[in-house]
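Here are the chains, one letter per residue:
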Amino acid sequence: MKLLLENWRQYLNEMISMDNVRRVDAVLSKRENLNTLVSLLSELGWPKEMLTTHSKDTPPFSEFRNTLLNIDKFAAPKLQTVDSKDLLLDPETIADRKAKFDKYVADKKAGKDALYFRNDPRDPREIDFSKLPPISVVEVEEGYEMADGAHRAFLAQQAGAKLPAYVLSQEPNNNPVAKQIKELFNEINS
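Summary of the structure given here. Treat the numbers as computed from the prediction; the structure is a model and nothing was measured.

## Things to note about the nonpolar core
Counting residues in each nonpolar core, the largest one holds 27 residues, and the members touching the most others are L37, L41, W46, F61, I181 and F185. Among the elements of the structure, α2 (18-28), α3 (31-44), α4 (48-55), α5 (65-69), β5 (162-169) and α8 (176-184) are those that each provide at least two residues to this core. Of the residues forming this core, the biggest block, five residues, is contributed by α3. The next biggest cluster of nonpolar side chains, apart from the first, holds 24 residues, and it includes I127, M146, A165 and V167.

As structure tokens, then:
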């Protein structure tokens, strides 16, 4: 599993450099470009809820830079339920989330006030995952690579639960709108 994630990360790093990351952020820092992107992604079939959430991020669509630059290689995200055992989380993410989770459980057992979520007193062991906002993942041969929602994914894995996800599948996208999105970022690729 670790080798798979290392290879996937290397593949992603080869596809998008830090210079491209900065340039994507610069293009999307202009409200006009962001509005254009949201409109084009909507035409491609991206779910409205996903567009609303990620267009408000700072920077916008930060988890999807690689997808945007390579939009011609991805189908529009589809909402589906995924089994958490199929989610690929990198070892660092698992270790960080596990330490936080274990501390929460230990504090609760010791009778201390404990919060797993910043301002939310809910116990992460009692979550109804079907009612959480969808995570975002990219479908790969071995399962689903995380794009957004690692905290929810980790907790679902701890519970052995399924959860909603926007799934991006890797397949050719010859839609003319995909070409327009690539042109929006044309200065990056030239």
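From this point, the narrative continues.
## What about the pairing of β5?
Of all eight residues in β5, seven are buried, a share of seventy percent or more. As paired elements, strand β3 (residues 135-140) and β5 share five bridges and run parallel to each other. Looking at the pairing, E139 lines up with S169 of β5.

## Comments concerning the packing of α3 against α8
Running from N to C, α3 and α8 cross one another at 160°; their axes reach a closest spacing of 9 Å. By the angle between their directions, the pair α3 and α8 is classed as roughly antiparallel. Between α3 and α8 lies a crossing of left-handed hand. In contact with N33, T36, L37, L40, L41, E43 and L44 of α3, α8 contributes V177, A178, Q180, I181 and L184. Taken together, the residues of the contact of α3 with α8 break down into eight nonpolar, three polar and one charged.

## What about the packing of aromatic side chains?
Summed over all chains, the structure comprises five aromatic pairs. Relative to F64, the ring of W46 lies with its centre 5.8 Å away and its plane at 75°, an arrangement referred to as edge-to-face. Linking W46 in the loop between α3 and α4 with F64 in the loop between α4 and α5, this pair joins segments that are 18 residues apart in sequence. When its relative accessible area of 4% is taken as the criterion, W46 is described as buried. With centroids separated by 6.3 Å and ring planes inclined at 75°, the aromatic side chains of F101 and Y116 adopt a geometry described as edge-to-face.

Conventions we followed
Residues numbered from 1 in each chain as written. Predicted model: local features only at pLDDT ≥ 70, side-chain atom pairs only at ≥ 80, totals over all residues. Heavy atoms only, no water. Core = buried A, V, L, I, M, F, W, Y, C linked by side-chain atoms within 4.5 Å. Buried < 20%, exposed > 50% of the residue type's maximum accessible area, 1.4 Å probe, protein only. Helix = DSSP H or I, 4+ residues; strand = E, 2+ residues; numbered from the N terminus. Pairing = 2+ DSSP bridges. Axes fitted to C-alpha atoms, helices over the stretch in contact; angles between N-to-C directions. Parallel < 35°, antiparallel > 145°, perpendicular 65-115°, else oblique. Left-handed = near helix turned anticlockwise from the far one by under 90°. Contact = heavy atoms within 4.5 Å. Nonpolar A, V, L, I, M, F, W, Y, C, P; charged D, E, K, R; others polar. Phe/Tyr/Trp six-rings, centres within 6.5 Å; stacked < 30°, edge-to-face > 60°.

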